[in-house]
Structures are given as structure tokens and as C-alpha cells.
There are 2 protein chains.
Amino acid sequence: MPQAPFVPVIPAGGAGTRLWPLSRRTHPKFLLDLTGSGRSLLQQTLDRLVPLADRAPIVVTGVEHAEAVTAQATTLADHGGPRARVLAEPSPRSSMPAIALAAALVEREEPDAVIGSFAADHLIGDQEAFARAVITAREAADLGYLVTLGIAPTHPATGFGYIEQGAQGTGAAALRAVGAHPVARFVEKPDRDRADQFLAAGTFSWNAGIFVARARVLLDELAAQIPSLARGARGIAAAHGTARYQDVLERTWPQLTRIAIDHALAEPLAAAGKVALVPADFAWDDVGDFAALARQLREDPPSGPGGVGEPGAGGAPADVQVLGIADVSAVSSTATVYGSGDRHIALVGLEGISIVDTEDVLLVLADERAQDLSRLVAGLDGTGHGRLR
Amino acid sequence: MPQAPFVPVIPAGGAGTRLWPLSRRTHPKFLLDLTGSGRSLLQQTLDRLVPLADRAPIVVTGVEHAEAVTAQATTLADHGGPRARVLAEPSPRSSMPAIALAAALVEREEPDAVIGSFAADHLIGDQEAFARAVITAREAADLGYLVTLGIAPTHPATGFGYIEQGAQGTGAAALRAVGAHPVARFVEKPDRDRADQFLAAGTFSWNAGIFVARARVLLDELAAQIPSLARGARGIAAAHGTARYQDVLERTWPQLTRIAIDHALAEPLAAAGKVALVPADFAWDDVGDFAALARQLREDPPSGPGGVGEPGAGGAPADVQVLGIADVSAVSSTATVYGSGDRHIALVGLEGISIVDTEDVLLVLADERAQDLSRLVAGLDGTGHGRLR
């Protein structure tokens, strides 16, 4: 068993415009219960991590969401674990500054502690497989690696990044002993042909954006890549708990490089042989758009209030998933309905359509064009509808 | 020019369930402004007929709609013509009893008068061509025929009935002289193969359900076909204007045969060579379902308040017709939106979808399955949603 204490870190940023109007600037994706479980994606993330944590998880979020995050983080399901700490970013600067700040706080308190960074808005299907993979990742992190979890791909997805396993070179024996492997490289979202090749090769995993490392290792490596960023994060952490903290934070934060951890650390360290991969075979999805969410709800139908309404009214086959309180009649339709009103929703002859019925916006979207939603949302400001974002 | 006075008759019945939830039991299709013209289908029908009428048009409608019909009929566009008279049916008994009652009223006042029966909920594109055809039909009616207008078909429609022109037999010369032709037979909605044959033959017209005849001829022919129906209608008419009227109406009406004029008169009289056809080449549609309405709105886009919203937001092509006050953003969509709320409506990647956004019902329908809507509406009672019909 690993000895160093484990501290989960959850960067909770990003609005998720491809799930608008469920997600809004003021109510981003991670605050939503997208699966009818009764828990938001952030709460589900905390529920998964609290049983594995030796210290309170750290959630880093935008200052405008700190209050809502704090409210959700203090209604944790009771695992007897520690409550979450919430750090407010003065402005969004991508994931590396957020993770570096959390790492610096942990390093200051316990230099050898291992942190694990997990997205706030992903879905994971198998809690036990997840826990096993995280424990293995902690052991690999104890060896000094930046460790990532590689999800066994189930289809040639073009919406995810991939991780290629490396050759069994020097040091691989120690990794193999704990059940991990060296990483050759990270690959951005491929086109369909390359995705097919990745799947056929058998040495590629999906990149779930999970990174586990000793806090000090992560910051030392960052100091080698982007010295000002590591220095800034450590400087803010040094002021934490003092009267100067807010002042130092607001002065330093805007100067930190806006960069994702993938580009700042994962890619350069993989090239240097310093990244390890733990194979993971739990169901995982980043629920990036309504097509992904529709797939998810079809595989694992929600059973909350409202439920499935009355699909099949009229005696015709219908496959309609309902999330929320909508009351639905359908004839010959395959659709997903997100209801928030008390209107009756009637569907005829639809194939792969998502319908989001909110108080101020109605969205009707063809799942196969789900990626185009961000273009529509981007255009709202220009047509005087910015208040709806 | 014809000498006998002309009295338009408008049977205004039928809810139009394939346009639900725009049309409801309490607010049937003929009361709706489906084209954004500012006038309901009934009002447009009256607007077309009042300039041609020598007497007030007679609207026969259900007792539950008499008040709304009266309100609409007294806000006629000012043609200087007579106001409409509204007759309330105690219960729906299809078109023949309604037309027979109106004919009997006219016959009692002016036996030689010509009546013309016109659906309350059809669209007609060219007012002048329509007027010319009706005047020709009046002349043919003066010759003793039951006269119908035959619409020149523009495509092999399977949703309309057809009329086949007959051979030029005895009496055809007099008809030809006024610009009419004998009718061989009426044909119900054909399948696609037969519709193709009809179009190729060149001797078939669309049946728009328009019938013109002397009031006395119509009732005498009806007396030969269904004696009790003609006798009942004449009995009610005899009591009109007296204190007994309502009593006679309510006693007699439920005994009248429930039958459409097509089956009661048009088909048997055609077989007997007593039906004439006036060729008409105006644009006509019965707007039977949302697919027909979408075609109509695409050909002749509405320009009322709300207008076309902002299709194309996001820079992508979109072809979205908006009827009502909806405010729309669309990306890569072909759709028709019927709005009644102040919600923003956002569309992504739709092809041939109709969206009806009302206070208590949201309908999303694939135009190519528009006919299936009646199945959904029929099922509403069984699922406890009868109040929405």
C-alpha cells in the first residue's frame, strides 16, 4: 500500500457550451445532475474521490462559482471522509495554473503527498475499478512519475484524445511491478482513420485527463518547463492562511501562463520518459455534447421523478429517454428530452433528436450535429441574446 | 352573367387533429391564422366569397364554436358585402346535413338561388382565378347541374381526392358553352402509382370539396337519394324565424343521416351524368397536416410580427420559417416554428422538422411523418391528457 498521503484535486472550470442551455455561464456543466442520479457531476466526482482521500479534496473553481461549489461540496454523501476545500480563481487560466496552485498548497503542508487531478464533469461507470486504478497510480507516482489513467477504448472515438503506451525501456520493470507502463506520447483527437488505426494497434488508450503525481515532483517538473508558473503558484501558496493571501493571489494570478496541463507537463514529460500509464477498463465519458449524453442516458436510463413519461402513446414504438420532470407522449420516435417545465411534450417521427425545454430557451438538436451547438451559442452575443448564455 | 342570386355556404366543422396543438377541440383549424396573414382560414374564406355573394354567406358550425365564428365573421374585411349568417348545429353530423340545412333556408327564401359550398379551412392562392371559376360554376349550376371546381394537379398528390372528367355526351355542348365539363366519377385519395397514372392521363383534377348548385336542385336530388335527410332539412328551415325553430332543430337534427356530401350526392349524381366540373388553375391546399403547412409557408413565407427570427446565427445556412412571435436562432437547419411564447428557440442540424411551442404543449414533429400526429392525439385521452386535445 502507498505510504504518502493522497489529496484529490478537482479543477472545476469550463462552461460546457455544447450542453447549453442546460449549462450556462452562471451554471456550468459540473454543477448539473446530467444523469438523473440526484447528484451533480461535481458531487459524483467528490463521492468517488472522498473514500480514496487522506486529506480534504481541493476544488479549484472560478470566483463566480465558488459559492455554488462550496454549497455542493458540503452536501457530500456521508463517506466519513474529509470535506472539500474550495479555492477561487480570480479569472480562468486553463488547468495548469489551477492544478499548480493546489499542488503548491499541498506541497507546503506535506511535500511528499501525492495529488491526483480529476475533471469535475466526467462520468465514470465502475467505482471499484476506478478506485483500484487510482491506488495503482499512487504507487507509480511514489516512483516519481507523472501518472495518468488510460481508458481501454471501446470504439474508434474521434472526440477524445489518445495516449500511446511506450516501449519497455529502463525503469519499466519498476512500473510493471506496480501494474503501470511508460507512456510514449499523447495524441490529440484523431480523425476517424487514425482512430481506427489506434484501436487496431492495441497500444492506445483514451486520455481521461487524470494526472497523479507527488506534489513536489509536479512542481519541480513544472519549474523546469515554465519556471514563472511554478514560482507564481508556490508564491501564492506561501501566502495562504495569511492576511496577504488575497492580495498576492490577485496580483500573481493574472501573470500565470494560461495553459492546459496536457501541453505544460504531460506532452513534454512523456517525451522525456517521465510519464506512466495505469490501464483502466471502467466505463468513462466526458459527456462532451448532447450526442454523448443521449448515448449515456440510453445505456443507463434515468429513473428519477418524471421518468420516461409515456413513450409509445398511440401504440407506436418509441424510444424516448426523459431527464427531468417532463411529461412526454411519442409516436415512432428516438429522442432524448430534458424537461424543466410542466408542459406536455409530444414527439412524432423523430430520429436521434435532443430536446431541451427550459424556462427561457427551447433547444431542438439533431444528435449527429451536436458539435455544431457551440457555433450557435457563440453567435448569441452578436444577435443580442447574450443574456441566455 | 348569371341571373339567380348566389349564396355562399361554409360548413365549418372538423377539429383538424393533424394540426394539434395549434388546433384544439375548443379552437379548431378554421379559426386559426395559419399563414401569418392576420386573418383566420375562415376569415380568408369569407373575404374571398363576400365580393361574389348576392346574399349574406351562411356559416354552419358546431354550437360550441358559434360564438367564436360569429365574432370572426363580423370582423370581415370591408368589401361592402353582406355580413355572414351563422347557423349552429346541435351536434356534428358531417357535411351533407349542414349543407342541406343551409340550402333549405335559401330555397325557402329564393327557390332559384344558387348556393356554393366551400370548406372553411382551405388555402387558395389566386383570388381572381377563384372568382372566375366560381362565376362559371354559377352558370353551369343554372343549367341544373351539381357543379364542382376541379383543381389542376401540380404533382401526384396522395393526400387529395381526384375527379375524372367524363366523355362529351348529351348535354355536354351546353356545358362546354359556359366553360364546364361533365364529370365521370369521383376517386378517393389514391396510392402513389394511381396518382402518377391520374397525372399522366390529363383528365383528372384535385377535388377541393367545392359544390355549386341551385338550392332546389340540390335538395330535390338529395330527396331522391336520402329522402329523410332532405325532408328533415326542409322541415327545420320551415321553422326558421319562428318560436318553434330551436325545438324543431334539436328534435330533427339528431335523426339526420351522418354523411358527407361526396357520398350523399356527388358520387351518385356523377354516375347519373348530373355533375359538372369547372377547370380551375389557382393554387389550392387543404393544409391537412404540418407537412402541407410547412410547404405552404416555405413557398409563401409569413411576414408578421416575429418574422423569421435570426436563422443562420453562427454563420451556417438555415432555412427556418417562423409563424408567430418566436425568436429563433438556427444552425444548419430546415424547420418550421410556430411560436406563442417569449422563449428563445434554438435549432441545430434539423431537416424537415416542425416545432409548435404553446403554453401547455410542445410538439416536435418530423414533417415526413406528419400523418402520424393523429395517432398521438387519439392516444391523449387514454393517458390522462384529454384536456390537451
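Residues numbered from 1 in each chain as written. Chains lettered and ligands numbered in written order. Predicted model: local features only at pLDDT ≥ 70, side-chain atom pairs only at ≥ 80, totals over all residues. Heavy atoms only, no water.

1. A few points about the overall build of chain A
Item 1. What chain A contains, in helices and strands, is 12 helices and 18 strands.
Item 2. The C-alpha atoms of chain A give a radius of gyration of 22 Å, which matches the 21 Å a tight globule of 389 residues would have.
Item 3. With respect to the principal axes defined by its C-alpha atoms, chain A has extents near 65 × 50 × 45 Å.
Item 4. Looking at the 389 residues of chain A, the share that counts as buried comes to 57%.
Item 5. When contacts within chain A are restricted to residue pairs at least 6 apart in sequence, those whose partners lie at least 24 apart make up 67%. (Helix = DSSP H or I, 4+ residues; strand = E, 2+ residues; numbered from the N terminus. Rg over C-alpha atoms; globule rule 2.2 N^0.38 Å. Buried < 20%, exposed > 50% of the residue type's maximum accessible area, 1.4 Å probe, protein only. Contact = heavy atoms within 4.5 Å.)

2. Observations regarding the packing of aromatic side chains
Residue and element names in this part refer to chain A.
Item 1. One pass over the structure, following the stated rule, counts 18 aromatic pairs over all chains.
Item 2. Among the aromatic residues, those joined into a ring-pair cluster are Phe-118, Phe-130 and Phe-282.
Item 3. One cation-aromatic arrangement involves Arg-48 over Phe-130; the distance from NZ or CZ to the ring centre is 5.7 Å. (Phe/Tyr/Trp six-rings, centres within 6.5 Å; stacked < 30°, edge-to-face > 60°. Lys NZ or Arg CZ within 6 Å of the ring centre and 35° of its normal.)

3. Considerations on the interface of chain A and chain B
By a widely used convention, the size of an interface equals the accessible area lost when the partners come together.
Item 1. Taken together, the contact pairs 40 residues of chain A with 40 residues of chain B.
Item 2. Across the interface of chain A and chain B, roughly 3,100 Å² is buried in total on both sides, 62% from carbon and sulfur atoms.
Item 3. For chain A, the biggest contributors to the area lost against chain B are Arg-343, Val-348 and Leu-362 of chain A; these three give 20% of the whole.
Item 4. Inspection of the chain A/chain B interface yields two salt bridges.
Item 5. Put simply, Arg-343 of chain B and Asp-357 of chain A hold a salt bridge, and the shortest N to O gap is 2.4 Å.
Item 6. At the boundary of chain A and chain B, one finds 22 residue pairs in polar contact (both at pLDDT 80 or more).
Item 7. Among the secondary structure elements, those contributing two or more residues to the side of chain A that touches chain B are strand E14 (327–331), strand E16 (344–348), strand E17 (351–357), strand E18 (361–366) and helix H12 (373–378) of chain A.
Item 8. The element that contributes the greatest number of residues to the side of chain A that touches chain B is E18 of chain A, accounting for six residues.
Item 9. Looking at the side of chain A that touches chain B residue by residue, the classes come out as 22 nonpolar, nine polar and nine charged.
Item 10. With five bridges connecting them, E18 of chain A and strand E16 (residues 344–348) of chain B associate as parallel partners. (Buried area = accessible area lost by both parts, 1.4 Å probe. Salt bridge = Lys/Arg side-chain N within 4 Å of Asp/Glu carboxyl O. Polar contact = N/O pair within 3.5 Å; in protein donor to acceptor, adjacent residues only side chain to side chain. Nonpolar A, V, L, I, M, F, W, Y, C, P; charged D, E, K, R; others polar. Pairing = 2+ DSSP bridges.)

4. A few points about the relation of the copies chain A and chain B
Item 1. Each copy of the sequence occupies a distinct position, and chain A is placed on chain B by a rotation of 180 degrees and an axial shift of 0.1 Å, giving an RMSD of 0.0 Å. Interpreted geometrically, this transformation is the action of a two-fold axis. Across chain A, the smallest distance between a C-alpha and the rotation axis is recorded for Val-364 of chain A, namely 4.1 Å.
Item 2. Both copies contact each other with a shared surface, as 100% of the interface residues of chain A are interface residues in chain B too. (Least-squares fit on C-alpha atoms with pLDDT ≥ 70 in both.)

5. What to know about helix H2 (residues 66–73) of chain B
All names here are of chain B.
Item 1. Among the residues making up H2, those that are buried are Ala-66, Val-69, Gln-72 and Ala-73. Taken end-on, H2 shows its buried residues confined to a sector of 130 degrees, consistent with a single buried face.
Item 2. Where H2 is buried, its residues touch helix H1 (41–49), strand E2 (58–62) and strand E3 (85–89). (Arc of directions from axis to C-beta.)

6. Let's talk about the pattern of salt bridges
Residues and elements named next belong to chain A.
Item 1. A full pass over the atoms with the stated rule returns 44 salt bridges over all chains.
Item 2. Among the ionic pairs, Glu-107 bridges to Arg-234, the shortest N-O distance being 2.6 Å. With a gap of 127 residues between them, Glu-107 in helix H3 (residues 95–109) and Arg-234 in helix H8 (residues 227–239) connect regions that are remote in the sequence.
Item 3. The class for Glu-107 is buried, based on a relative accessible area of 12%.
Item 4. Under the relative-accessibility criterion, Arg-234 is labelled partly exposed at 27%.
Item 5. Because the salt bridges share partners, they merge into one network encompassing Asp-112, Asp-142, Arg-214 and Arg-216.

7. A short note on the side chain of Ser-117 of chain A
Residue and element names in this part refer to chain A.
Item 1. In this structure, Ser-117 sits in strand E4 (residues 114–117).
Item 2. You can call Ser-117 buried: its relative accessible area is 3%.
Item 3. Residues contacting Ser-117, with those up to four places away along its chain left out, are Val-9, Pro-11, Ile-99, Gly-209, Ile-210 and Phe-211.

8. Observations regarding the packing of helix H7 (residues 215–225) of chain A against helix H10 (residues 261–271) of chain A
Residue and element names in this part refer to chain A.
Item 1. Interaxial distance between H7 and H10 falls to 10 Å at its minimum, and their mutual angle equals 95 degrees. Considered as vectors, H7 and H10 are oriented roughly perpendicular to each other. Two secondary-structure elements touch here, H7 through Leu-218, Glu-221, Leu-222 and Gln-225 and H10 through Ile-261, Ala-264, Leu-265, Pro-268 and Leu-269.
Item 2. Across the contact of H7 with H10, the residue classes tally to seven nonpolar, one polar and one charged. (Axes fitted to C-alpha atoms, helices over the stretch in contact; angles between N-to-C directions. Parallel < 35°, antiparallel > 145°, perpendicular 65-115°, else oblique.)

9. Examining the side chain of Asp-121 of chain A
Item 1. By the element assignment, Asp-121 of chain A lies in the loop between E4 and strand E5 (123–124).
Item 2. Those residues within four positions of Asp-121 of chain A in sequence are excluded, and the remaining contacts are Lys-29, Phe-30, Leu-41, Thr-45, Asp-286 and Val-287 of chain A.

10. Digging into the environment of His-181 of chain B
Residue and element names in this part refer to chain B.
Item 1. Structurally, His-181 is set in strand E8 (residues 181–187).
Item 2. The buried category is assigned to His-181, whose relative accessible area is 19%.
Item 3. Sequence-wise, His-181 and Gly-171 are 10 residues apart; in three dimensions their C-alpha atoms are separated by 9.7 Å.
Item 4. Non-local contacts of His-181, meaning those with residues more than four positions away in its chain, are made with Gln-165, Gln-168, Leu-175, Val-275, Ala-276, Leu-277 and Pro-279.

11. Quick look at the confidence of the model for chain A
All names here are of chain A.
Item 1. In this model, chain A carries an average pLDDT of 90, and 93% of its residues clear a pLDDT of 70 or more.
Item 2. Note that pLDDT drops below 50 for residues 304–316; the model gives that stretch 35 contacts with residues more than four away or on any other chain.
Item 3. Predicted complex, confidence summary: ipTM 0.85, pTM 0.85. (pLDDT = per-residue confidence, 0-100.)

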